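Coordinates in review
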Amino acid sequence: MTATTSPRPRPGGPGGPGGEAGSAGSAGSAAQSRTDTSPLTGVRVLEIDDGFAGYAGKVFADFGASVVKVERPGGALQRRSGPFYRAADGNEYSLPFAYYNAGKQSVLLDLPDAGRPDADRPDADRPDADRPDAEVDADAIAQLERLIAGADVVLDGMSGGITATLGLSSERLAELRPGLIHVVITPFGLTGPWRDYLSSDLVALTLGGVTAQTGYDSVNGRPGQPISPTGGQSSHFVGVLAAIATIAALRERRDRRAEDVLTLDFSVHDSVAVSTESYVSMWEFGNLEGFRHTGRHASGIFTNPAWQFRCGDGAYVCALTLYLNDRRFAALLDLFDKAGFSHGLADERYATQRQRDPIMNEIVNEIARFCKQHSADYIFDEAQRRQLPWAKVRSPEDIAADAHLAARGFFTPVELFPGEQVPFPGMPWQGLPSALLATDANAHVPQLGQDTEALLNQEGWRAL
Amino acid sequence: MNGISDDVAAPNQSLKGIRVLDFTWNVAGPTCTRILAALGAEVIKVESHTMPDPIRRSPAAAGFFANLNLGKRSFTVDAKSREGHELLEQLVAESDVVVESFASGVLASWGFSYDKLVALSPNVIYVSVTGFGHTGPYQSYVTYGPTAQAYSGMTHSSGKPGRPPAGWGYSYLDVFTGSMAAAWTLSAIHKVRFRGGGPQRVDVSQVETGLSMLGELMLDAQLNGADHRRPGFPPGNRAVWPGDNTTGGARGEVGAPYGIYRTAGKPEDAFCAIAVLSDEEWIRLRACMGDPEWAMSPALDSTTGRIAAQEQLDRRVGEWTIGIDKYELMSLLTAAGVRSGPVQSGRERMDVDPSLAARAVFPKMSLADIGEHRFESIPIRIDGKRIASPPTWPVMGADTADILRDLLGLPETEIARLAAQGITDRPATGRSTRAVKARPRNLAAIQETS
């Protein structure tokens, strides 16, 4: 092992005394605006997204970076993606677009759609349908170059990338903005035999291994059906990795005043393929292909029995029985007894974990019978009160009234639409007691091209 | 590397000089610190011989543990002993970042509250990873990955109409939350370095991480009162269920045919995804199938028409795919510009997938006590080079003496004494690691996020 250990003078922290803002007083009140407290305030990100890079841009925006989204004629495809919301101003807004783009600015440039994946809209709807595809508007390129010159990061999710599609080489990018970080997110990466293939959320989750392991239990030896979860998950993991690598690079490059362009190459496929918990290790070290099952841990064998039970109110609970040690078994019996539920589990046969494991099905049958008699909320409350790691399988509408999330301020009021504050799902963390990030109450959804004039003709990038 | 790859790798030193004291265990927390190690941070994994990371004894054995802990050093200490506690205090004082994944309150009960950490290391970044977070009425609730997935809506949003939720077949939220925690750690490091301003505390919740990955569904429920237990949601493997009254099944894309189709081969894994997202792509798929008469119906010319006819479409497409090997099907379709890819197991990703091989997503490494094996990379490529995790893993206690000597400045005699007395090493006599029954009371509540 190469030891990097060496003691150092303290205090100083990661950067020693070199921080710009000298003062150590960040103890944040929630009232502070995010320009004061956010970690990436002052970082300028130019985003071009054809579907897989918008989440990365959201992470940057949530961390306080100034994110400018470049849209092409007709606007981002996501603007036409449902479900929609009719806001107080009378306009219909795409909720996916709102979620992924709140707090960004929008610039409309007359750039080509040539490299863009076929849209989920009829070709005749395209504003540029009668334009030759390959023609690139020189003015638009000049405008894009002006924006690049003011950016720290270009988040490039254009199909094919801006280098291949718009002819903006690394050398040109370095001329425009010495030290630029060019983050490219494509379905299969910039190299490899599949680099030019089209993909989609479903295809990415399927190729990457999520779908193989997810779905329904086999019944009587008949393999269950694989299922691909919803939520547009394929863009999330790659987006987080892109944020991680970019923030790390920002620090390192500022420290050495780098002037070359750094190209970060992210593949949606590569990212999904390393997100499947232990399935890769299972094959490499155990020659196990993994078992498809419903809502349990990764497993190379059929992990009998099921963990998910239908309750009296029709909802489901996830009641883990895998870790039913003596303490939890005692808690389970207490749960049953206090509810007046008669069961046969007090018998000596169930006294130790070793005795219980081979006859776990009997215990599971009792849990299933118990669940049928009670609501999922009751079971969740009573189980967790006894430190049983169970939860209700909740639907999004169950979550709106959640007292725990309310206490943590997870849904924060944000002026998402003009004149309308809505409870917006926050970033999944809290900075306590020194607020790392205060909510930006003005994180509205940008109208198409609303910042074009300001950014190109007037003050340039938003004063930071 | 593995012969079929022109892979070039280089270690990354972006976080050189950052020291991370790592109290995490199981999956979520170690995923965070593993990423920090791959970016050049010095990560010291702290364990005790009586309470090692449970993954060390997981069924996938050393392989999965090593995979989760690549590039970290191992420091062992009896944190309950007075001297052990003092050693930990000295290590905190030498660290920039402290990461832990115990249940809320456990680290504080050991004497390492946030205030104490700050007193020891004034600009410390303290990152905790738990199921419900360190505040709020449910902070003491216990979760594993599947629990948090159920509670956050992740489980419900996967499945077929009219069937129970399908959830996820593994603890995706462990992997994702750990990665999110790494992003926040980096943003906190960035803030301390460039924006000044004292210590940072980051309280990461798995449940909230799950919620943040279902943002549009949350907004739809809150603003439109949408019912996600309606017939037609979740839409199985379709983009949208026929007759569902909304504009999409929350995949960020709409089209038909769209699904997972059976192919030739073993029934467990003979499936292939096909996603047609436009009329043009439908014409291409149709041509691949040989322009059969049924497919030429004008009713199928539009996305709306095809969604309405999905039952018939899926049956017909399935009758065609069942005769073709799934990889051949992908070749045929992608060559024609149709989005497609087979269901791939861990084996297929590692042994068959040519793209992952070419990009060395599972590079071979030779590790002490384990030998040469393939591990998951952190798939970040910089200027054409994959970032290479250091080819080391935390062999239990292997770095303890070096850390005591080089970082804390202890003389060899003292290092030997601490080991002999069981402060930093397995107790010389008596209790064996496996036979420990009488765990300290508060450890029973420790969260096992796995």
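Rules behind the numbers
Residues numbered from 1 in each chain as written. Chains lettered and ligands numbered in written order. Predicted model: local features only at pLDDT ≥ 70, side-chain atom pairs only at ≥ 80, totals over all residues. Heavy atoms only, no water. Helix = DSSP H or I, 4+ residues; strand = E, 2+ residues; numbered from the N terminus. Buried < 20%, exposed > 50% of the residue type's maximum accessible area, 1.4 Å probe, protein only. Areas by Shrake-Rupley, 256 points an atom, 1.4 Å probe, with all protein chains shown as cover. Contact = heavy atoms within 4.5 Å. pLDDT = per-residue confidence, 0-100. Pairing = 2+ DSSP bridges. Axes fitted to C-alpha atoms, helices over the stretch in contact; angles between N-to-C directions. Phe/Tyr/Trp six-rings, centres within 6.5 Å; stacked < 30°, edge-to-face > 60°. Lys NZ or Arg CZ within 6 Å of the ring centre and 35° of its normal. Right-handed = clockwise from strand over helix to strand, strands pointing away. Buried area = accessible area lost by both parts, 1.4 Å probe. Salt bridge = Lys/Arg side-chain N within 4 Å of Asp/Glu carboxyl O. Polar contact = N/O pair within 3.5 Å; in protein donor to acceptor, adjacent residues only side chain to side chain. Core = buried A, V, L, I, M, F, W, Y, C linked by side-chain atoms within 4.5 Å. Parallel < 35°, antiparallel > 145°, perpendicular 65-115°, else oblique. Left-handed = near helix turned anticlockwise from the far one by under 90°. Nonpolar A, V, L, I, M, F, W, Y, C, P; charged D, E, K, R; others polar.

1. Here's the deal with the overall build of chain B
Helix and strand counts for chain B stand at 17 helices and 14 strands. Taken across its 450 residues, chain B has 67% of its residues classed as buried. As presented, chain B carries roughly 14000 Å² of accessible surface, and 53% of it is formed by carbon and sulfur atoms.

2. So, the overall build of chain A
Along chain A, the regular secondary structure elements total 18 helices and 14 strands. For chain A, buried positions account for 60% of its 464 residues. Contacts spanning at least 24 positions in sequence make up 66% of the contacts within chain A whose residues lie at least 6 apart. Just so you have it, chain A exposes about 16900 Å², and 50% of that area is on carbon and sulfur atoms.

3. Focus: the confidence of the model for chain A
Residue and element names in this part refer to chain A. A residue-level look at chain A finds 82% of positions with pLDDT of 70 or above and a mean pLDDT of 84. Confidence drops under a pLDDT of 50 for residues 10-35, and excluding neighbours within four residues, the segment shows 58 contacts in the predicted structure. Low pLDDT, under 50, characterises residues 432-436; the stretch is placed with 29 contacts to residues that sit more than four places away or in other chains.

4. A short note on the sheet that holds strand β10 (residues 339-342) of chain B
Residue and element names in this part refer to chain B. Ordered in space as β8-β9-β10, the three strands form an open sheet in which the pairing is antiparallel. With partners counted over all chains shown, the strands left at the sheet margins are β8 (258-262) and β10, one partner each. Sheet twist, expressed as the average angle between the axes of neighbouring strands with direction ignored, equals 20°. Relative to strand β9 (residues 271-275), β8 runs antiparallel, the two sharing five bridges. Residue pairing across strands places Arg 262 opposite Phe 271, the latter belonging to β9. Contacting β8 and β9, helix α12 (residues 310-321) crosses the sheet at an angle of about 40° to β8.

5. Quick look at the sheet that holds strand β9 (residues 308-310) of chain A
Residues and elements named next belong to chain A. The three strands lie next to each other as β9-β10-β11, forming an open sheet whose pairing is antiparallel. Since the sheet does not close on itself, it has two edges, and those belong to β9 and β11 (390-393), each with one partner. With strand direction ignored, the average angle separating the axes of adjacent strands in the sheet is 30°. With three bridges joining them, β9 and strand β10 (residues 316-319) adopt antiparallel strand pairing. Bridge pairing in β10 links Arg 310 to Tyr 316. Sitting on the sheet, helix α14 (residues 360-372) is in contact with β9, β10 and β11, with an inclination near 40° to β9. Of the strands in this sheet, β10 and β11 touch helix α15 (residues 376-385), which is tilted by about 165° from β11.

6. A word on the packing of aromatic side chains
Counted under the stated rule, the structure contains 34 aromatic pairs over all chains. Geometrically, the ring pair formed by Trp 282 of chain B and Trp 294 of chain B is tilted, given 6.4 Å between the ring centres and 50° between the ring planes. One end of the pair, Trp 282 of chain B, is in helix α10 (residues 279-288); the other, Trp 294 of chain B, is in the loop between α10 and α11 (303-308), with 12 residues separating them in the sequence. Overall, Trp 282 of chain B belongs to the buried group, its relative accessible area being 1%. Since its relative accessible area comes to 18%, Trp 294 of chain B is described here as buried. Of the aromatic side chains, those joined through ring pairs into one cluster are Phe 237 and Tyr 279 of chain A together with Trp 168, Tyr 170, Tyr 172 and Phe 176 of chain B. Sitting above the plane of the Phe 329 of chain A ring, Arg 356 of chain A keeps its charged end 4.4 Å from the centroid.

7. A word on the pairing of strand β1 (residues 44-49) of chain A
Put simply, side chains in a regular strand alternate between the two faces of the sheet. All names here are of chain A. Of all the six residues making up β1, five are buried; the element is thus mostly covered by neighbouring parts of the structure. Here β1 runs beside strand β2 (residues 66-71); their pairing, made up of five bridges, is parallel. When the sheet's bridge partners are listed, Glu 47 is paired in β2 with Lys 69. Where the polypeptide runs from β1 across helix α2 (residues 54-62) and back to β2, its parallel neighbour, the crossover connection is right-handed. In terms of strand pairing, β1 meets strand β6 (residues 153-157) through five bridges, oriented parallel. From the neighbouring strand, Val 45 faces β6, where its bridge partner is Val 153.

8. Examining the pairing of strand β13 (residues 420-425) of chain A
Residues and elements named next belong to chain A. Note: strand β12 (residues 411-417) against β13, six bridges, orientation antiparallel. Of the residues in β13, the one forming a bridge with Glu 415 is Gln 421. Counted between consecutive antiparallel strands, the loop separating β12 from β13 contains two residues, among which Gly 419 sits at a positive phi close to 70°.

9. Digging into the interface of chain B and chain A
Each partner contributes to the interface: chain B provides 181 residues, whereas chain A provides 174 residues. For the chain B face of the interface with chain A, the top three residues by lost area are Tyr 170, Arg 195 and Arg 359 of chain B, together amounting to 5%. Taken together, the connections running from chain B to chain A amount to eight salt bridges. For Arg 408 of chain A, the salt bridge goes to Glu 208 of chain B, with nearest N and O atoms at 2.5 Å. On the surface where chain B and chain A come into contact, there are 61 residue pairs in polar contact (both at pLDDT 80 or more).

10. A look at the nonpolar core
Across soluble globular proteins, nonpolar side chains have a tendency to be buried as a group. With 133 residues, the main nonpolar core has Ile 185, Phe 266, Leu 416 and Phe 417 of chain A as its most contacted residues. Tallying contributions element by element places helix α7 (residues 172-194) of chain B first for this core, with 13 residues. Contacts of Ile 185 of chain A, omitting those with residues within four sequence positions, involve Phe 52, Ala 53, Ala 56, Leu 155, Asp 156, Gly 157, Val 238, Ala 242, Phe 266 and Val 268 of chain A. Residues Leu 21, Phe 102, Phe 112 and Ile 423 of chain B belong to the second largest nonpolar core, which totals 32 residues.

11. Let's talk about the pattern of salt bridges
A side chain with one charge can pair with a side chain of the opposite charge if their charged atoms come near. Evaluated as defined, the whole model comprises 55 salt bridges over all chains. Across the pair Asp 402 of chain A and Arg 394 of chain A runs a salt bridge, and its minimum N-O distance is 2.7 Å. For the pair shown, Asp 402 of chain A and Arg 394 of chain A are each scored as buried. Between Arg 229 of chain B and Asp 398 of chain A there is a salt bridge, with the nearest N and O atoms lying 3.1 Å from each other. Here the residue Arg 229 of chain B occupies a position in the loop between α9 (215-224) and β8, and Asp 398 of chain A occupies one in helix α16 (residues 396-399), the pair thus bridging two chains. For Arg 229 of chain B, a relative accessible area of 37% gives the class partly exposed.

12. Here we look at the side chain of Arg 306 of chain B
Residue and element names in this part refer to chain B. You can see Arg 306 is positioned in helix α11. Residue classification places Arg 306 among the buried residues on the basis of a relative accessible area of 0%. Here the side chain of Arg 306 touches Leu 300 through a polar contact of 2.9 Å, landing on its backbone oxygen. Among residues more than four places away in sequence, those in contact with Arg 306 are Ala 256, Pro 257, Ser 278, Asp 279, Trp 282, Ala 299, Leu 300, Asp 301 and Leu 313.

13. Section: the packing of helix α1 (residues 28-38) of chain B against α7 of chain B
Residues and elements named next belong to chain B. Look at α1 against α7: their axes get within 7 Å of each other, and the N-to-C directions meet at 45°. Here α7 runs oblique to α1, going by the angle between their axes. Read as a crossing pair, α1 and α7 show a hand that is right-handed. Between α1 and α7, the contacting residues are Ala 28, Thr 31, Cys 32, Ile 35 and Leu 36 on the first element and Asp 174, Val 175, Gly 178, Ser 179, Ala 181, Ala 182, Thr 185 and Leu 186 on the second. Along the lines of polarity and charge, the residues of the contact of α1 with α7 split into eight nonpolar, four polar and one charged.

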